[in-house]
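# Observations on the three-dimensional arrangement
Residues per chain are reported as follows:
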Amino acid sequence: MAIDANKIVQDCFDAVRDCITNLNTLNIIVAGKTGVGKSTLINSVFREELAETGIGRPVTRNIRRISKPDFPLVVYDTKGFELSEKVQREVKDQVMKIIRDGFACKDINKTIHCVWYCVNAASNRIEPEEIEGLRELGNENEMTQVPIIVVLTQCISKKRCQDLRKVIEEESLNIIQVVPVLAKDYEIDDEYVAKSFGLDVLIRVMGDALPDELVDTLQNLQIVSLEEKINRAQAAVVTAVTAATATGASPIPVSDCAVLIPIQITMIAGIAAVFGVELSKSLITSIVTTLLGAGGATLLGKTVVSNLLKFIPGAGSVVGGVISGATAGALTAALGETFIWVMSQIFKGEMSEKDFSTKEGREQMSSKFKEQLSLVRTK
Ligand SMILES: Nc1nc2c(ncn2[C@@H]2O[C@H](COP(=O)(O)OP(=O)(O)OP(=O)(O)O)[C@@H](O)[C@H]2O)c(=O)[nH]1
Ligand SMILES: [Mg+2]
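Residues numbered from 1 in each chain as written. Chains lettered and ligands numbered in written order. Predicted model: local features only at pLDDT ≥ 70, side-chain atom pairs only at ≥ 80, totals over all residues. Heavy atoms only, no water.

### What about the pattern of salt bridges?
Scanning the entire structure with this criterion turns up 25 salt bridges. Put simply, Arg-100 and Glu-140 hold a salt bridge, and the shortest N to O gap is 3.9 Å. Of the two residues, Arg-100 sits in helix H4 (residues 85-105) while Glu-140 sits in helix H5 (residues 128-140), which places them 40 residues apart along the sequence. Residue class for Arg-100 comes out partly exposed when judged on its relative accessible area of 41%. (Salt bridge = Lys/Arg side-chain N within 4 Å of Asp/Glu carboxyl O. Helix = DSSP H or I, 4+ residues; strand = E, 2+ residues; numbered from the N terminus. Buried < 20%, exposed > 50% of the residue type's maximum accessible area, 1.4 Å probe, protein only.)

Okay, structure coming up:
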């Protein structure tokens, strides 16, 4: 069977787009007094400046709902209120109402998935009323079970925010964790800048607390933890490797290797969705043509596969005319890992999409792929 590279590129492009369009919407509530750093936090964690540029509409007197077209995130923000004890209670009731309404509609895209309750660590203390407010919120949330994370914002002194963290933890509130963060570098004076930290922990804690249907969305949106993106992308690789191995359980004639392509396309789409990096047709083309080992538009399965098999220890040659399940799995794993590497390079800004269409970039990609092939175990 002939493998048409143009068709693969198009199918891959469509699959990525579909995968991203079909992501569930993540809904979070970000609460806390005015000036604690809610907007800064939202803008630092997610890949679009939602807090400043998103379209806001007031939901209640104290809460606005921010979203953007084609962006799978809704933030409920308690914006700009000096919270007196009375207003604090009012906000808590409104937050609970949003949580309950979401819970009642039983639609994954409308329920509230997480609450970030922000406390400013720069003030070094948390008022008793705020603790009581949190306690009530935690108790009222008993049935709805939305994970509540207390985010200590503007943690300039790590030592002092650890102390504040302990104080809050000792209150045995119904929250999942207290996470200290500094969302943006903080310039103390010309000589000393406190480095931002903790946002990756916030994402890890949140990822662990979310239902699986929302983890792809979270990873797509967040820009603070490459490690978490890679972890999730590797889950897509494992799924594809399992499927490819099963497909090859009765050895696949090399001429039919194209049966693996849909599995691999699904994997590529899953990885791309997790990275949230724009994936153009030209980048997909570079990847496909480079990894298939030829620049032509139409490739023969047999040539491609026999070229690749040379790199897999123990895979043998195509003399027998078939590849085993293990080899099919190995090819798929190497492709997945190489694509994760490409996405990581782009995410870190170390290589641009354009770099992968240059000779040098292609060579790097190709040697990464061969390296991956030689690493996999075929037995
Ligand atoms: N350097 C630095 N500045 C921060 C950080 N968090 C907040 N700030 C500053 O603190 C001020 C208030 O932050 P915002 O993010 O606007 O606070 P907010 O909670 O959204 O405030 P309201 O919208 O009024 O409720 C801004 O000047 C921010 O630049 C941080 O992590 N690092
Ligand atoms: Mg704000």
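### Focus: the confidence of the model for the protein chain
With 86% of its residues at a pLDDT of 70 or more, the protein chain shows a mean pLDDT of 87. Between residues 294-302, whose pLDDT stays under 50, and residues either more than four places distant or in other chains, the model counts 20 contacts. (pLDDT = per-residue confidence, 0-100. Contact = heavy atoms within 4.5 Å.)

### Remarks on the packing of helix H9 (residues 226-247) against helix H13 (residues 325-348)
It is at 8 Å that the axes of H9 and H13 come closest, and there the two elements cross at 160°. Judged by the angle between their axes, H9 and H13 are roughly antiparallel. Judged by the sense of rotation from one axis to the other, the crossing of H9 with H13 is right-handed. In contact with Leu-226, Lys-229, Ile-230, Ala-233, Gln-234, Val-237, Ala-240, Val-241, Ala-244 and Thr-245 of H9, H13 contributes Gly-325, Ala-326, Ala-328, Gly-329, Thr-332, Ala-333, Gly-336, Glu-337, Ile-340, Ser-344, Phe-347 and Lys-348. In terms of residue class, the contact of H9 with H13 is built from 12 nonpolar, seven polar and three charged. (Axes fitted to C-alpha atoms, helices over the stretch in contact; angles between N-to-C directions. Parallel < 35°, antiparallel > 145°, perpendicular 65-115°, else oblique. Left-handed = near helix turned anticlockwise from the far one by under 90°. Nonpolar A, V, L, I, M, F, W, Y, C, P; charged D, E, K, R; others polar.)

### Some words on the layout of surface pockets
Volume-wise, the largest pocket comes out at about 530 Å³. Arg-17, Ile-20, Thr-21, Arg-47 and Asp-70 are the residues nearest the centre of the largest pocket, which is lined by 17 residues in total. If one sorts the elements of the lining of the largest pocket by residue count, helix H1 (residues 5-21) sits on top with five residues. Counted by class, the lining of the largest pocket contains eight nonpolar, five polar and four charged residues. Built from parts of two domains, the lining of the largest pocket gets at least three residues from each of domain 1 (2-19 + 225-375) and domain 2 (32-221). (1 Å grid on protein atoms, 1.4 Å probe; cavity = no way out; pocket = protein on both sides within 12 Å on 5 of 7 lines; lining within 4 Å. Points joined across faces, edges and corners; volume = space filled by probe spheres on them. Domains from an automatic or database assignment.)

### Points about the UniProt feature "transmembrane region" (unreviewed entry) in the protein chain
According to UniProt, the feature "transmembrane region" (unreviewed entry) maps to residues 259-277, 284-305 and 317-342 in the numbering used here. In residues 259-277, the share of helix is 79% and the share of strand is 0%. The end C-alpha atoms are 27 Å apart. (UniProt positions renumbered as here; feature names shortened; annotations may be inferred.)

### A look at the environment of Glu-227
One can find Glu-227 in helix H9. Of the residues examined, Glu-227 reaches a relative accessible area of 59% and is grouped as exposed. Spatially, the C-alpha atom of Glu-227 lies 9.6 Å from that of Ser-344, the residues being 117 residues apart in sequence.

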